[in-house]
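Structural characterization, general
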Amino acid sequence: MSGHQKAKAKKEQIKGKAKEIGGRATHDLPAEAEGRLEQSKGDARQAKEKTKDIFKH
């Protein structure tokens, strides 16, 4: 399950970065903000998984 969550975190980060870049290119501030939000969700998920890995050993 942990590997699935890590992959999901990476996917959210990449998808968010793409939205952010697209929003910047088209000067669409809501899309840019949505992209940043999605990236931060991915970052939080990744941090949670790293924490679980640290305390697993």
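Residues numbered from 1 in each chain as written. Predicted model: local features only at pLDDT ≥ 70, side-chain atom pairs only at ≥ 80, totals over all residues. Heavy atoms only, no water.

**Overview of the side chain of Gln39**
Stated precisely, the cut-off is as follows: A run of DSSP states H or I qualifies as a helix once it reaches four residues; a run of E qualifies as a strand once it reaches two. Both are numbered from the N-terminal end. Residue contacts are defined here by distance: any two heavy atoms, one from each residue, within 4.5 Å place the two residues in contact.
Residue placement: Gln39 occurs in helix H2 (residues 29-56). Contact partners of Gln39, with chain neighbours within four places excluded, come to Glu12, Gln13, Gly16, Lys17 and Glu20.

**Examining the environment of Ala44**
So the rule is basically this: For each residue, the accessible area found with a 1.4 Å probe, counting protein chains only, is set against the maximum for its type, and the residue is called buried under 20%, exposed over 50%, and partly exposed in between.
The residue Ala44 is located in helix H2 in this model. Judged by relative accessible area, which is 46%, Ala44 ranks as partly exposed. Once the C-alpha coordinates of Ala44 and His27 are considered, the two residues, 17 residues apart in sequence, prove to be 27 Å apart.

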